Amino acid sequence: MPSSEPETGKFAVIGVLGGPGSGKGTQCRLLAQMFKLEHISIGDVLREELKREGSAYAPIIEENMRAGTVGPKEITVAILKSHMLEASREGMDLFILDGFPRNLEQAQFFEETVAQIEFLIVLECPDAVLVDRLLPRERFDDNLENINKRIRTFRTTTSQVIDLFRMRGKVKTVNADNTIDVVHQQVVEILKSRQGGLKEAGRRETLE
């Protein structure tokens, strides 16, 4: 009997990376509204899982969040895949992933088990600006020590993902040390310039 489960391999996926506080969430939300993309924030879905009663993953997720490190690829990708499948049942097949992939192991495992990543948008921002943006927030993982750990993880670990995709010709960089509107215009132009590639990949008919 044929399965009615959506085929994840047919998803079109765009990753958005940047240091903590670079504005990934804000820009992804704006792009999702403008282009009718499904925006999934890996940080948000992990925090949701952290709060879910009876979650077997919660202790591991909290430990990694407090340490400012990347969690096991199997857990992160499983949670992400679950959210993507849920959205696909409602007709979504074009995803923008906020803060993913965070290391090479996640990137490889995701592409092997879920879908290929079409390209990465990288929001570049000086460390001092990232710290200034994050300190006023009131999240348990936004104290100065943890912020510095997260920035260090981005510079040493996530940067390897960016280097890999840059070698593939799949990286577009944006200066995120700017106003929200200026950064938004830059990322909009990137998506508009990549419409042809997404259509050729056999996904959504148009980015309107």
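Residues numbered from 1 in each chain as written. Predicted model: local features only at pLDDT ≥ 70, side-chain atom pairs only at ≥ 80, totals over all residues. Heavy atoms only, no water.

- An unreviewed UniProt entry annotates the chain as Adenylate kinase of Xylaria arbuscula.

**Notes on the nonpolar core**
A general trend in soluble globular proteins is that nonpolar side chains are found buried together.
So, step 1. Of all hydrophobic cores here, the largest spans 34 residues; its most connected members are Val13, Leu80, Met84, Leu97, Phe110 and Leu120.
So, step 2. Per-element accounting of this core gives the leading share, seven residues, to helix 4 (residues 73-88).
So, step 3. Excluding residues that lie within four positions of it along the chain, Phe110 makes contacts with Val13, Val77, Leu80, Met84, Leu97, Phe100, Ala115 and Ile117.
So, step 4. Listed in part, the 25 residues of the second largest apolar core include Ile14, Phe119, Ile147 and Ala176. (Core = buried A, V, L, I, M, F, W, Y, C linked by side-chain atoms within 4.5 Å. Buried < 20%, exposed > 50% of the residue type's maximum accessible area, 1.4 Å probe, protein only. Helix = DSSP H or I, 4+ residues; strand = E, 2+ residues; numbered from the N terminus. Contact = heavy atoms within 4.5 Å.)

**A short note on the sheet that holds strand 2 (residues 38-41)**
So, step 1. Pairing in this open sheet of five strands is parallel, and the strands run 2-3-1-4-5 from one edge to the other. In this open sheet, the two strands that pair with only one neighbour each are strand 2 and strand 5 (171-175). Averaged over all pairs of adjacent strands, the angle between strand axes in this sheet comes to 20°, irrespective of strand direction.
So, step 2. Note that strand 1 (residues 12-18) and strand 3 (residues 94-98) share five bridges and pair parallel. From the neighbouring strand, Ile14 faces strand 3, where its bridge partner is Ile96.
So, step 3. Across the sheet, helix 2 (residues 42-51) is in contact with strand 2 and strand 3; its angle to strand 2 comes to roughly 60°.
So, step 4. Contacts from helix 7 (residues 144-167) reach strand 1, strand 4 (117-124) and strand 5, with the element oriented near 135° to strand 4. (Pairing = 2+ DSSP bridges. Axes fitted to C-alpha atoms, helices over the stretch in contact; angles between N-to-C directions.)

**Quick notes on helix 2**
So, step 1. Burial analysis of helix 2 places seven of its ten residues in the buried class, which makes it a mostly covered element.
So, step 2. Of all the residues in helix 2, the buried ones are Ile42, Gly43, Val45, Leu46, Arg47, Glu49 and Leu50.
So, step 3. Looking at the buried side of helix 2, the elements it contacts are strand 2, helix 3 (58-67), helix 4 and strand 3.

**Let's talk about the side chain of Glu111**
So, step 1. Residue placement: Glu111 occurs in helix 5 (residues 104-113).
So, step 2. Setting aside anything within four residues of it in sequence, one finds Glu111 in contact with Gln116, Ile117, Phe165 and Arg168.

**Points about the packing of aromatic side chains**
So, step 1. Overall, the coordinates contain two aromatic pairs when judged by the stated rule.
So, step 2. Ring centres 4.9 Å apart and planes at 55° place the aromatic pair Phe11 and Phe95 in the tilted group. Note that Phe11 is positioned in the segment before strand 1 and Phe95 in strand 3, a separation of 84 residues in sequence.
So, step 3. Their ring planes at 65° and their centres at 5.2 Å tell us that Phe100 and Phe110 sit as a pair that is edge-to-face. Highlighted residues: Phe100 in the loop between strand 3 and helix 5 and Phe110 in helix 5, separated in sequence by ten residues.
So, step 4. The ring centre of Phe109 lies 5.7 Å from the NZ or CZ of Lys73, which sits over that ring.
So, step 5. The ring of Phe165 carries the charged tip of Arg168 above its face, separated from the ring centre by 4.8 Å. (Phe/Tyr/Trp six-rings, centres within 6.5 Å; stacked < 30°, edge-to-face > 60°. Lys NZ or Arg CZ within 6 Å of the ring centre and 35° of its normal.)

**Some remarks on the packing of helix 5 against helix 7**
So, step 1. Packing of helix 5 against helix 7 brings their axes to within 8 Å, and their N-to-C directions diverge by 50°. As judged from the angle between their axes, helix 5 and helix 7 are oblique. In contact with Leu104, Ala107 and Glu111 of helix 5, helix 7 contributes Gln160, Val161, Leu164 and Phe165.
So, step 2. A breakdown of the residues in the contact of helix 5 with helix 7 according to their chemical character gives five nonpolar, one polar and one charged. (Parallel < 35°, antiparallel > 145°, perpendicular 65-115°, else oblique. Nonpolar A, V, L, I, M, F, W, Y, C, P; charged D, E, K, R; others polar.)

**Looking at the pattern of salt bridges**
So, step 1. Enumeration over the complete set of coordinates arrives at ten salt bridges.
So, step 2. Salt-bridge contacts for Arg52 lead to Glu49; the nearest nitrogen and oxygen are separated by 2.7 Å.
So, step 3. By relative accessible area, which is 45% here, Arg52 ends up partly exposed.
So, step 4. Glu49 gets classed as buried once you look at its relative accessible area, which sits at 10%. (Salt bridge = Lys/Arg side-chain N within 4 Å of Asp/Glu carboxyl O.)

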